[in-house]
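Letter by letter, the chains look like this.
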Amino acid sequence: MSELTHASAQKRFIGGQLLGSSQLVLGAILAVLCIAISIAAPQFYSEANIIAILRQCALVLIVASGMTMLIITAEVDLSVGASLAFVGCIGMAVLNSTHSLALGMLAALAFAGGVGLFNGLVVTRLRVNSLIATIGTMMMLQGGVYLFTREAVQNHNQLASFTDLGAGYVGAVPVPVIIAALIFIVAYVTLRFTTLGRYLYAVGANEKAVRLSGLRSERLKLLAFIVTGLCVGVAGMILSSLMNAGQPTAGRGFELTVIAAVILGGTSLLGGRGSLFGTLLGVLVLKVIDNGIIILGWNQDLQMVVPGIVIILATYLDIIRNKANVR
C-alpha cells in the first residue's frame, strides 16, 4: 500500500506542476476575455449581468464538481443533461402533489442518485464502458421524460421557498451561488485533504495497483457516479425554480458544457489527475464566453459550438500533458 501511495503521490506532483501552469494560463485567458468583452460592451460589468453570469456558473459548477471526481477515476457520465431535465419534472410534480419543497427535493435527489447508481452498476458490474453506458442512459431518460409528461410541469403552488431556491438572495449573494460554493468546498476538501480523495486519484491513475493493494476500486467508482447524480439532483431543482416549471428539454447540451469545463480545467480523461480549482476556472471561462455572445448580439447558436471546440482543444492539451508525464 505504501508503494502505491508513493507512486500516486509522485505522479500527482508532476501532474500538479502541469496543472498549476495550465491554470495560470486559464486565469489569464479569463482576465483577457473579461477585459475584451467589457470594452466592446460596457454593460458586461453591470450588477444584473454579473448576477446572471454567477447564476449560470452555479448550475454548471454544481454538476461539474461531481463530474470532476468521476473523471478523476477515469469514468464519465454523458447522461447528466437528460437527468437534469427529468429531475426537474419529477421534483415539480412531487412539489405540486405534496405542497412540500422538502419532499420535492428528496424525490429529485432520490431519482438523480438512482440514475447515478444505475450508471455505476452498469459500468462496474456489467463492465460496460462508461461512455457507452451513459449514452444508453441518456437515451432512456430523454425518451422516459416524455412518457412521464408530454409538456412542461408548471408550478401550481407558488411557494416562496421554491422561488427563493433559484431566484432568492442571502444578502447580495444569489442562493444558487451559495449552494454551488458549499458543494464546491465539500468536493474540494474531499479531493485535496481526505483519504477518500487520494483513493479516487489512485483509482484513475492505476486501477490495477489499487485492486492489488486490497481496495475495492468498483465501490469508489460507484460512489463517484452516485455523487455526480446527487449533484444533478440539486442543479435540476434550482433550474426548475428559475424556470418556474419542469421542462423536458431543459438539459439539452448541458452535459457538453459540464464536461468541457472539467477538461478545460485540466482534469484528464484518462483519470488520475485533476483539480476542482481548474474546473471552477473552466466554468467561468465558458460562461463568460456565453454571456459575451449574448450581450454582443452574436448568433446564440455559437453557445453550442464553443463547448465542442473546447472539448477538442482541451483533449489535445491533455494528450500533450500525458506525454510530458511519461517523460
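No experiment lies behind these values; they were computed from the predicted model shown.

Asks: Give me the nonpolar core: which residues, what numbers.
Replies: Ranked by internal contacts, the top residues of the largest apolar core, which has 85 residues, are I62 and M67. By residue number, the principal contributor to this core is helix α2 (residues 47–72), which donates 14 residues. Not counting chain neighbours up to four residues away, the residues in contact with M67 comprise V76, D77, V80, T228, V258, I259 and V262.

Asks: Give me the lowdown on helix α12 (residues 276–295), citing residues and values where you can.
Replies: When the terminal C-alpha atoms of α12 are compared, their 28 Å separation across 20 residues agrees well with the 28 Å that a helix rising 1.5 Å per residue should span. With 14 of 20 residues buried, α12 lies mostly within the body of the structure. For α12, the N-terminal cap is S275; the gap from its side-chain oxygen to the backbone nitrogen of F277 is 3.2 Å. Just past α12, the residue G297 takes up positive phi, approximately 75 degrees.

Asks: Describe the packing of helix α7 (residues 175–193) against helix α10 (residues 217–243), naming the residues involved and giving the relevant values.
Replies: For the pair α7 and α10, interaxial distance at closest approach is 11 Å and the crossing angle is 175 degrees. Considering the angle they form, α7 stands roughly antiparallel to α10. Contact residues: P176, I179 and I183 in α7; C231, V234 and I238 in α10. The residue makeup of the contact of α7 with α10, split by class, is six nonpolar, no polar and no charged.

Asks: Go over empty space enclosed by the protein with me, naming the residues and quoting the values.
Replies: Summed over all chains, the structure comprises two cavities of 30 Å³ or more. Of the voids in this model, the largest cavity is the one considered here, and its volume is about 80 Å³. Taken together, 13 residues form the lining of the largest cavity, with A82, A85, Q142, P248 and R252 sitting closest to its centre. Secondary structure elements with two or more residues in the lining of the largest cavity: α3 (80–98) and α5 (130–148). Tallied by class, residues from the lining of the largest cavity come to seven nonpolar, four polar and two charged.

Asks: I'd like to hear about the packing of aromatic side chains, residue by residue, with values.
Replies: All told, the structure shown has five aromatic pairs when counted by the stated rule. Seen from their ring centres, F44 and Y45 are 5.1 Å apart, and the 70 degrees between their planes marks the pair as edge-to-face. Owing to a relative accessible area of 4%, F44 belongs among the buried residues under this scheme. Both rings, one in Y188 and one in F193, keep their centres 6.3 Å apart while their planes meet at 70 degrees; by these two values the pair is edge-to-face.

The rules behind these values
- Residues numbered from 1 in each chain as written.
- Predicted model: local features only at pLDDT ≥ 70, side-chain atom pairs only at ≥ 80, totals over all residues.
- Heavy atoms only, no water.
- Core = buried A, V, L, I, M, F, W, Y, C linked by side-chain atoms within 4.5 Å.
- Buried < 20%, exposed > 50% of the residue type's maximum accessible area, 1.4 Å probe, protein only.
- Helix = DSSP H or I, 4+ residues; strand = E, 2+ residues; numbered from the N terminus.
- Contact = heavy atoms within 4.5 Å.
- Expected span 1.5 Å × (residues − 1).
- Polar contact = N/O pair within 3.5 Å; in protein donor to acceptor, adjacent residues only side chain to side chain.
- Axes fitted to C-alpha atoms, helices over the stretch in contact; angles between N-to-C directions.
- Parallel < 35°, antiparallel > 145°, perpendicular 65-115°, else oblique.
- Nonpolar A, V, L, I, M, F, W, Y, C, P; charged D, E, K, R; others polar.
- 1 Å grid on protein atoms, 1.4 Å probe; cavity = no way out; pocket = protein on both sides within 12 Å on 5 of 7 lines; lining within 4 Å.
- Points joined across faces, edges and corners; volume = space filled by probe spheres on them.
- Phe/Tyr/Trp six-rings, centres within 6.5 Å; stacked < 30°, edge-to-face > 60°.

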